[in-house]
Amino acid sequence: MAELGTEIRLDCPFETAVERTVAALAAEGFGVISRIDLDRAFHEKLGLDFRRYTILGACNPKLAHAAVSARPEVGLLLPCNVTVEQAGDGAVVRIVDAAAMLSAGSLADEPAFKALAEDASGRLARVAAALAAA
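These figures come from a predicted structure and were not determined experimentally.

1. With respect to the nonpolar core
Within the largest apolar cluster, 32 residues are counted, with the highest numbers of intra-cluster contacts made by Leu-10, Leu-25, Val-84, Val-93, Ile-95, Leu-124 and Leu-131. For this core, the elements supplying multiple residues, two or more each, are strand E1 (5-10), helix H1 (14-27), strand E3 (53-59), helix H3 (61-70), strand E4 (80-87), strand E5 (90-96), helix H4 (98-101) and helix H5 (111-133). Of all the elements, H5 adds the most residues to this core, at eight residues. Sequence-distant contacts of Val-84, that is, excluding residues within four places in its chain, are made with Phe-14, Ala-17, Val-18, Thr-21, Arg-52, Tyr-53, Thr-54, Leu-56, Ala-91, Val-92 and Val-93.

2. Description of the pattern of salt bridges
Following the criterion strictly, the structure yields twelve salt bridges and no others. Across the pair Arg-35 and Asp-37 runs a salt bridge, and its minimum N-O distance is 2.9 Å. When its relative accessible area of 38% is taken as the criterion, Arg-35 is described as partly exposed. We note a salt bridge from Glu-73 to Arg-71, for which the minimum N-O separation is 2.5 Å. Since its relative accessible area comes to 19%, Arg-71 is described here as buried.

3. Some details on the side chain of Asp-37
Residue placement: Asp-37 occurs in strand E2 (residues 31-37). One polar contact links Asp-37 to Arg-35, side chain to side chain, over a distance of 2.9 Å. Every residue in contact with Asp-37, bar those within four places of it in the chain, is listed here: Tyr-53 and Thr-54.

4. Some details on the pairing of E4
With six bridges joining them, E3 and E4 adopt antiparallel strand pairing. Note that in E4 the partner of Thr-54 across the bridge is Val-84. With six bridges joining them, E4 and E5 adopt antiparallel strand pairing. Looking across to E5, one finds that Val-82 is bridged to Ile-95. The antiparallel pairing of E4 with E5 creates a hairpin that spans two residues between the two strands, and Gly-88 there sits at a positive phi of about 65°.

5. Regarding the packing of H1 against H5
Put simply, H1 and H5 touch, their axes get as near as 9 Å, and they point 140° apart. The angle between H1 and H5 places the two elements in the oblique class. As for how H1 packs across H5, the hand of that crossing is right-handed. Packed against H1, whose contacting residues are Arg-20, Thr-21, Ala-24 and Leu-25, the element H5 presents Leu-124, Val-127, Ala-130 and Leu-131 at the interface. Its residues assigned to classes, the contact of H1 with H5 comprises six nonpolar, one polar and one charged.

Definitions and cut-offs
Each chain has its residues counted from 1, running along the sequence as written. Only residues with pLDDT of 70 or above have their local features reported here, since the model is predicted, and side-chain atom pairs are shown and tallied only from 80 upward, although totals for entire chains, interfaces and linings are computed over all residues. Side-chain metrics in this entry use all non-hydrogen atoms of the structure; hydrogen atoms and water are not considered. What we call a nonpolar core is a set of buried Ala, Val, Leu, Ile, Met, Phe, Trp, Tyr and Cys residues that are connected through their side-chain atoms within 4.5 Å. For each residue, the accessible area found with a 1.4 Å probe, counting protein chains only, is set against the maximum for its type, and the residue is called buried under 20%, exposed over 50%, and partly exposed in between. Under the scheme used here, helices are H or I runs from DSSP no shorter than 4 residues and strands are E runs no shorter than 2 residues, and both carry numbers assigned from the N terminus. We call two residues in contact whenever any of their non-hydrogen atoms come within 4.5 Å of each other. Salt bridges are counted wherever a side-chain nitrogen of Lys or Arg sits within 4 Å of a carboxyl oxygen of Asp or Glu. Identification of polar contacts relies on pairs of N or O atoms within 3.5 Å, with a donor-acceptor requirement for protein atoms, meaning one able to donate a hydrogen and the other able to accept it, and with residues adjacent in sequence counted only if both atoms are side-chain atoms. Strand pairing is assigned whenever DSSP identifies at least 2 bridges connecting the two strands. An axis is simply a line fitted to the C-alpha atoms; with a helix, the fit covers only the stretch in contact. Between two such axes, the angle follows the N-to-C directions and lies from 0 to 180 degrees. When describing relative orientation, an angle under 35 degrees is termed roughly parallel and one over 145 degrees roughly antiparallel, while 65 to 115 degrees is termed roughly perpendicular and anything else oblique. Crossings are classed by handedness, with left-handed meaning an anticlockwise turn of the near helix from the far one by less than a right angle and right-handed meaning a clockwise turn. Each residue gets one of three labels, nonpolar for Ala, Val, Leu, Ile, Met, Phe, Trp, Tyr, Cys and Pro, charged for Asp, Glu, Lys and Arg, and polar for the others, Gly among them.

What follows is the structure in structure tokens.
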């Protein structure tokens, strides 16, 4: 999982994990601009039962603006995805590695994107630390 992001196990109900995750993201300047409940989609579209699994599309407007202003195509990599998955009586939160995501293609060679990726990565690392400490 290290190549994709960070994983945090929480000993709380699923919806509590979602609420804690949204709050931790907000504390670092990220808003949740989309929520996809895959379990519901799988049930509605495929008739399949699936454990609770939600994808949160997190966006820090300042970082996103800087990124798409410099290179509009970087919008393909936004927002930063965070997943919350039911795991027994608890939940697992996974946070994308923003530095790995923003190193796609030639972006890694651009100093401005390296700084943006480091900023986003630092913020998301603090989100993970806050969740782990809760």
